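Now for the letters of each chain:
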Amino acid sequence: MVSLLLPIAQPPIESLDFRASKLSFSKSNPPRRLDFPPSISTGPAHFSPLDNLVSSSTYASVLESCKCPKLGKQVHAQALKNGFRGHEFVETKLLQMYGKCGCFDDAVQLFDKMRQRNLHSWTAILNVYLSNGLYEDAFECFGQVRFEEFELEFFLFPVVLKICCGYGGVELGKQLHCTVAKYGFASSIYVGNALIDMYGKCGSLDYAEKFLSNMSKRDCVSWNSVITAFAANGMLSEALEIFNKMSVEDNLTPNFISWSALVGGFSQNGYDKEAIEHLYKMQAAGFQLNAQTLASVLPACGRLQMLYLGKEIHGYLTRHGLMSNSFVVNGLIDVYRRCGDIEDALLVFSMYSMKNDVSYNTMLVGYFENGEVSKALELFYQMEHEGKCEDIISWNSMISGYVNNFMFSEALSMFHQVMWKEEIEADSFTLGSALAACADTGLLRRGKEIHSYAIARGLQTDPFVGGALVELYSKCLDVGAAQKAFDEVNDRHISTWNALISGYARSEDMVSVERTLEKMKADRFDPNIYTWNSIIAGHVENAHNESALQLFLDIQSSGLRPDIYTIGTVLPTCSRLATLDRGKQIHAYAIRFGYDSNIHIGSAVVDMYAKCGCVKHARLAYDNIKKYNLVTENAMLTAYAMHGYGEEGIAFFRRILDNGFIPDDITFLSALSSCVHAGLVETGLEFFNLMRSYNVKQTLKHYTCMVDLLSRTGKINEALKVIKEMPLDPDTVIWGALLGGCVIHGNLEVGEIAANKLIGLEPENTGNHVMVANLYASVGRWGDLAKIRQLINEKKMHKKPGCSWIEDKGEIHVFVACDTSHQRTDEIYEILNILTSQIRVEN
């Protein structure tokens, strides 16, 4: 047997190291060639003159092995020709063949024309109804069987019990159980297993387990039915307990079905590590894994982003010829797209996919998740050309993909295309995604239009639509409307509660936040980390940074674990407060849980260290990010520019271009700022002109950088020319940059032009008058300097005082000149006087 995963030895699940797993690339021995009879042609049948000698058992044998509807119909025609019309046995076999081949109409037509029907015929037509999901029709059919003259036998009931899964539920199942007992078939292991299966699929696990314990004789099917029932209903510890009991109580070794049920159950219920652990154990028990088992565990690989294991399973599937299974192929595509390996996802899609709705939409989602929007659009056009967009699913994938990539106008444009298509009707997911686009762009009016459409369709009570409406009104700060939308939702999820709480938090209505939290708990929903994330975000948006940090600490002490979104929300508060110690603590928390390598968290950490003055720490945080994008590059480049690391910033910008990133306006602004600090005019002009090559619009800030660069390096007239020729109206910042350069280089002529513009724009700004005074001082115009100072005194202008702060034991103390508001003012000034005296003595 070919080994899938090595080594086989299983460590405890807490310490399971999946990186140690390897697939064996040895080939399995090819099966020995068997001599089969020539295959039956599916072309026009040619029968010999001895056809009339074919017996009913021959027809039965052929029909039982027949899987081709076309060939089956030919056999049917030949049977009629040879006089088997009305033959009860042959027609029953034909009926079973049509059911197996999915020929519903042919089966029903044959059954209706049968002259004689036995219990096997009725059982066959029941199976046909059930295979097509017609549970109510099957139940009515069983009712007719009860009125027939023949006696019911045990093999009928396993089929009839399947009806309960889609019609009647467990109550009908209990009635059928009584019927089974009445006829004396409850002791049949075949019927007993079907009863266990029925109770399990109807969610009555206690009945299933109780019936198992009362069975006089049990086999692996009995135990597997209970294991499957518990696993399918998310009760994995109970399923594992039953799994272990079967060998203890009945000396039965768990078989392939037992293991597959456990592996699939763990994976389907999100116990990803446990699913993979039991996959190891299953192989160690000597079972060769099949396509179904591996398909069930592939989602776990994707969710854990275990690309290496996904590739090993891919190799195993290829070696064992299992790549024709559509579930396996779609599972592999999903693993690759979740792990960001969109190239291999496309390779599997192109080579093996059946090109069905699932595979197409998985690729669409993958492209959007990896930011390849143009390729997603290209694939969508291909789907339209091939007629694969005739339902709403693909349109929903496109709309939600645009929303997740912040392309809200494109999302709404596609939503309106859906609204105009008569053959496609928007569903709750369509409306929810469109409402999310409106919420993130503040398009309240358009959101209200979609709300009206939802009301007309009766979808405003849907949890997905209702939650999106609550979020829309919350983000637009219309909490009254958010509350009304919330009240209309029938089946409220915790996400709906969180959206409403977020609205109140954004509106600084903490009283309503507390009240809503109490109602939420009364509705049996405990606040989760997303609840607290919403409240923290509200504090941050309203600049209550200290409150946000305190709430972050409270969450940890409450036993909840802050997640990646909590970290991303609270880090900017450290940047705004320049509280380095607490920023380091949050960074340490992010490292402990592996969040620091995330693109968004890594960028926020870089930004935090930069704004707290630690460029070295910012670079270390940047180097720890696993995958870079333009956001991470801009964060590091801004850090260099912010702290005057001109040469480093310029080199970093060139590296950004060499690595293939497309710079945006922020990138160029930081690059130009680096040129200012380095005093490199030619490089600055190069970068400024390069913006056109990347179709980046030059804003006032970019022009200000160029004026500042030219002014600082003494090119005052060139700077003035830039201001006069730029297509934008200059503001006080750009005139201030020019005036600053004039002060440095003593250019009175241009300086007075800039000074007049500044004072004209902001006549009451003391800083402007101070700069003019500095200009006159730089050229020795003492008389004009005295006039400016006299003007400042006459208008009683005061320069806005700066402030400084110190962080002590997690608390920020802010100091302003001549301030007496601090609670320990007397102590502070006493120490200040002592220090001042000591300074005088030393001098």
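Residues numbered from 1 in each chain as written. Predicted model: local features only at pLDDT ≥ 70, side-chain atom pairs only at ≥ 80, totals over all residues. Heavy atoms only, no water.

An unreviewed UniProt entry annotates the chain as Pentatricopeptide repeat-containing protein At2g13600-like of Anisodus tanguticus.

**A look at the overall build of the chain**
Convention followed: Only DSSP runs of H or I covering at least 4 residues are called helices, and only runs of E covering at least 2 are called strands; the numbering of each starts at the N terminus. A simple rule labels every residue: compare its accessible area, found with a 1.4 Å probe on the protein chains alone, to the largest value its type can have, and call it buried under 20%, exposed over 50%, or partly exposed in between. Residue contacts are counted whenever heavy atoms from the two residues lie within 4.5 Å of one another.
Check the secondary structure of the chain and you find 46 helices and two strands. The buried share of the chain, taken over its 843 residues, is 45%. Sequence-distant contacts in the chain: of pairs separated by 6 or more residues, those separated by 24 or more amount to 61%.

**Looking at the environment of Ile666**
Its location among the elements puts Ile666 in helix α38 (residues 665-678). On the accessibility criterion, Ile666 (44% relative accessible area) is partly exposed. Spatially, the C-alpha atom of Ile666 lies 9.8 Å from that of Lys701, the residues being 35 residues apart in sequence. Not counting the four nearest positions on each side in its chain, Ile666 is found in contact with Asn634 and Thr638.

**Focus on the environment of Lys201**
Along the chain, Lys201 turns up in helix α10 (residues 189-201). For Lys201, a relative accessible area of 56% puts it in the exposed group. Along the primary structure Lys201 and Ala232 are separated by 31 residues, whereas in three dimensions their C-alpha atoms are 8.2 Å apart.

**Quick word on the side chain of Thr704**
With respect to the helices and strands, Thr704 occurs in helix α40 (residues 700-712). For Thr704, the residues in contact, after removing those within four places along its chain, are Val733 and Ile734.

**Remarks on helix α29 (residues 510-522)**
What counts is decided by this rule: By definition here, a helix of n residues has an expected span of 1.5 Å times n minus one. Arc definition: it is the arc formed by the directions from the helix axis to the C-beta atoms.
Taking 1.5 Å of rise per residue, the 13 residues of α29 would be expected to cover 18 Å, and the 18 Å separating its terminal C-alpha atoms lies within 8% of that figure. Considered for burial, the residues of α29 that qualify are Ser512, Val513, Thr516, Leu517 and Met520. The arc enclosing the buried residues of α29, seen along the axis, measures out at 140°, which places them on a common side. Exposed side chains of α29 directed beyond 90 degrees from the buried face belong to Val511 and Ala522. Considering only its buried residues, α29 is in contact with α28 (494-506) and α30 (529-541). Just past α29, the residue Arg524 takes up positive phi, approximately 70°.

**With respect to the UniProt feature "repeat: PPR" (unreviewed entry) in the chain**
The following threshold applies: UniProt positions are given in the numbering used here, feature names are shortened, and annotations may be inferred rather than shown by experiment.
Under the local residue numbering, the UniProt record ascribes the feature "repeat: PPR" (unreviewed entry) to residues 87-121, 219-254, 255-289, 356-390, 391-426, 493-527, 528-562 and 629-663. When the span residues 219-254 is considered, its composition is 75% helix and 0% strand, and the gap between its end C-alpha atoms is 10 Å. Counted over residues 391-426, helix gives 72% and strand 0%. Its end C-alpha atoms are 9 Å apart.

**Quick notes on the pattern of salt bridges**
Just so we agree on the cut-off: By definition here, a salt bridge exists when the distance from a side-chain nitrogen of Lys or Arg to a carboxyl oxygen of Asp or Glu is within 4 Å.
Taken as a whole, this structure holds 24 salt bridges when the rule is applied. Lys281 serves as the salt-bridge partner of Glu277, at 3.3 Å between the closest nitrogen and oxygen. Of this pair, Glu277 and Lys281 both sit in helix α15 (residues 272-284), four residues apart, which is roughly one turn of that helix. Across the salt bridge formed by Glu686 and Arg654, the nearest N and O atoms sit 3.2 Å from each other.

**A closer look at the side chain of Asn330**
Its place among the elements puts Asn330 in helix α18 (residues 326-338). In contact with Asn330, not counting residues within four places along its chain, are Asn356, Val358, Ser359 and Thr362.

**A short note on the confidence of the model for the chain**
Going by this rule: pLDDT: the predictor's confidence for each residue, scored from 0 to 100.
Taken over all residues, the pLDDT of the chain has a mean of 83, while the share at 70 or more is 89%. The low-confidence segment residues 1-52, where pLDDT is below 50, has 82 contacts with residues more than four positions distant or belonging to other chains.

**As for the packing of aromatic side chains**
Condition: Whether two aromatic rings pair depends on their centres lying within 6.5 Å, for rings of Phe, Tyr and Trp, where Trp uses its six-membered ring; planes under 30 degrees apart make the pair stacked, over 60 edge-to-face, and the rest tilted.
Using the criterion set out here, one finds 27 aromatic pairs in the structure. Aromatic side chains Phe157 and Tyr183 sit 6.0 Å apart centroid to centroid with 45° between the ring planes, which places their arrangement in the tilted category. With a gap of 26 residues between them, Phe157 in helix α7 (residues 156-160) and Tyr183 in helix α9 (residues 169-183) connect regions that are remote in the sequence. Judged by centre distance (6.2 Å) and plane angle (50°), the rings of Phe668 and Tyr694 are tilted. Highlighted residues: Phe668 in helix α38 and Tyr694 in the loop between α39 (681-693) and α40, separated in sequence by 26 residues. Assessed through its relative accessible area of 26%, Tyr694 is described here as partly exposed. Three or more aromatic residues joined by ring pairs make a cluster, and in this case those are Tyr622, Tyr628, Tyr640, Tyr645 and Phe652.

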